[in-house]
Amino acid sequence: MTWLVWRQHRNQAYIAAAVLAALAVLLLVSGRQMASQYQSARASCAASHTCSNLANTLSLGTPAVSLLVTLTVVVPCLLGVFWGGPLVAREFETGTSQFAWTQGVSRSRWLAVKIGWALLAAAAWGGAVSALVTWWSSPVNALRHQNFRAAQFDIQGVVPVGYALFAVALGIAAGALLRRTLPAMAITVGVFTFVRLVIGQDFRSHYLTALTKTFSFLHPAFPQGSYWLVSGGVVGPGGQVPSASQAGGGPHLSIDGVPISMSNLPAACRTLAFQGPFKFFPCLTARGYHPFITYQPASRYWAFQGIEAGIFVLIAAALVAVTAIVVLRRDA
Amino acid sequence: MASSDPAVIQTRALSKRYRKVAALTDCTIIVPEGRISALIGPNGAGKTTLLRLLAGLARPTGGDIAVLGTRPGQDPAFLAGIGFLAQEIPLYRRMSAADHIRIGAHLNARWDGTSVRQRLESLGIPLGQAVGTLSGGQRAQLALALTLAKRPRLLLLDEPVAALDPLARRQFLAHLAEAVAGGDLSVVLSSHLLADLERICDHLVLLAGSRVQLCGDVDALLAEHQILVGPRKDTTAIERDHTLVHAVRTPRQTTLLIRRNGPVVDPAFETADVSLEELVLGYMGQHAGGPAPAHQSAIGGDQ
């Protein structure tokens, strides 16, 4: 059975291996350069005591490679479309399922071996790409502390493996249900994108209860390292001040990127705002206004990676179960 | 060829519905061991459905079915006993014949790859060429050789010669006849053309409108039926004594196909032996509800 799977999909495997090898060479070369660039920048900023400003002055890597790394976010989806979608759909479409299912191998074994190898290949390939990207990104992560943000979180660590397993299982299930390759591929793209967006935007920030940190305008003390800012704002004597998005446009104050509309702040301070923070911030502080943020601390990064990967592995498992029921119960 | 041969296929009130469409209804047949059984019927009569049920590729929605003594399923023990060749001759188009031989060796406990190679060599079919580039006849021959390499006890072939030209058709049937002569093999092969199968079959299952019209050994069926030709007259007496299958009445002449219950005594009618073609057409005409054109050999029209 394994030989049949290999014979059927070896061209895909060769192409995938070639693409991975090319990506590996590019990222290894670029990553080594970036790492040494970062090391020497650290050394020289330490000498001149300017390391606190390094993130603003140092630009790491080339835009083309950075773009390519960002684009690896679509790798799981591609695996789902090109490996998962046709895996059983093409057999139904061409009728070869009838050939395979009247050889001396049970249908369940046929399916198990096919799905097993597809998922293994997806995990290996998704994992290899993610490992390269994670290694390549380490100087950037150290410099910018942004790896908890969606754009980086989604392409590093273990979540890409979960995404790849989900995408391929989704493609297989769509193919088993629809029995047509192209519709299965299209459904895979649509459902994969939808589920990824919903979980990333609506669920991820709730995996663990976010921490809240309130501090003074005079002594801003943001959390250390690559924390993930969930929300922020200003609390005054009357409770939280509405953020700009809730209160409309106009001039606003930014708390770590969260806009606070000026019109919601005391009028007495507002006039001072354009004279600079030296008068404005003490004015707000004196009237009992404090900025706050809610955030996921950097220490939870791997917990979040694990939780998100786990969720996608569970969805993948459910999809495999659906596939098995459909293929084993339905007529050829 | 005693009818006491054990049955390789036995069904009782077998039925298969696809949503609201009845593909096979109340199908009760017995195919004894060692037969080459022709499964005849017009397009859409349920031939493919029956073969797929027999091969375990589809599940019945009602009735009982036993093939080689067990219920068809997905287990290797059952699958090892049957060889199935679907109508569209599905093979992996981008793989070669040699690849298919290797696949068979990997997927079957009992596998005779040498026989396939020899067969292809004798037919001049290239081993290394992608199957998609072979002709229809070559593909059918390859598929049959692969199916036989399993050494099945029961071969189920769905319209295997429908897409072939007359020469390829003859070669295919010769290949099949050789395989049957060589060993312990029963065959069911379907066609909507009786002429395809008449020469090699000794058993007949006739399907029309999702129902079984006839099932039995060809010789016995022919002996049971008779054609009566006589003047135009009342035939109630004959219909009472025998089973009228089909009647063609012209202003001057009446032609009856009957299933006999004892000898026919009406002196006004001449009796004649029935040919397989007349028998099949008679039952088809009965189902169609109109006179069957007796000179036409195609049953369901040409494909």
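Predicted, not measured: the structure shown is a model, and the values here were computed from it. (Residues numbered from 1 in each chain as written. Chains lettered and ligands numbered in written order. Predicted model: local features only at pLDDT ≥ 70, side-chain atom pairs only at ≥ 80, totals over all residues. Heavy atoms only, no water.)

Draft legend 1. Molecular detail of the state of the cysteines. Residue and element names in this part refer to chain A. Overall, the coordinates contain two disulfides over all chains when judged by the stated rule. The side chain of cysteine 269 participates in a disulfide bridge whose partner is cysteine 283; the two sulfur atoms lie 1.9 Å from each other. An S-S torsion of about -85° defines the bridge between cysteine 269 and cysteine 283 as left-handed. Of this pair, cysteine 269 sits in helix H11 (residues 267-273) while cysteine 283 sits in helix H12 (residues 277-286), and the two are 14 residues apart along the sequence. Of the residues examined, cysteine 269 reaches a relative accessible area of 0% and is grouped as buried. (Disulfide = S-S within 2.5 Å. Helix = DSSP H or I, 4+ residues; strand = E, 2+ residues; numbered from the N terminus. Buried < 20%, exposed > 50% of the residue type's maximum accessible area, 1.4 Å probe, protein only.)

Draft legend 2. Spatial organisation of the domain arrangement of chain B. Residue and element names in this part refer to chain B. Examined at the domain level, chain B breaks down into domain 1 (7-219) and domain 2 (220-288). The gap between the C-alpha centroids of domain 1 and domain 2 is 34 Å. Contact residues are listed per partner, giving 16 residues for domain 1 and 14 residues for domain 2. Between domain 1 and domain 2, the buried area comes to about 1200 Å², and carbon and sulfur atoms account for 75% of it. At the surface where domain 1 touches domain 2, the tally comes to eight residue pairs in polar contact (both at pLDDT 80 or more). Contributing elements (two or more residues each) for the side of domain 1 that touches domain 2: strand E9 (203-208), strand E10 (211-217) and helix H8 (218-224). When residues of the side of domain 1 that touches domain 2 are assigned to their parent elements, the largest contribution, five residues, is made by E10. Of the residues belonging to the side of domain 1 that touches domain 2, the class tally is nine nonpolar, four polar and three charged. (Domains from an automatic or database assignment. Contact = heavy atoms within 4.5 Å. Buried area = accessible area lost by both parts, 1.4 Å probe. Polar contact = N/O pair within 3.5 Å; in protein donor to acceptor, adjacent residues only side chain to side chain. Nonpolar A, V, L, I, M, F, W, Y, C, P; charged D, E, K, R; others polar.)

Draft legend 3. Focus on helix H4 (residues 113-123) of chain B. All names here are of chain B. Along H4, the residues that are buried comprise Gly113, Val116, Arg119 and Leu120. For H4, the arc enclosing every buried residue in end-on projection is 125°, short of the 170-degree limit, so these residues lie on one face. Opposite the packed face of H4, turned more than 90 degrees from it, sit the exposed residues Gln118, Glu121 and Ser122. Against helix H3 (97-107), helix H5 (136-149) and helix H6 (166-182) lie the buried residues of H4. Remark: glycine 124 follows H4 within two positions and exhibits a positive phi of approximately 70°. (Arc of directions from axis to C-beta.)

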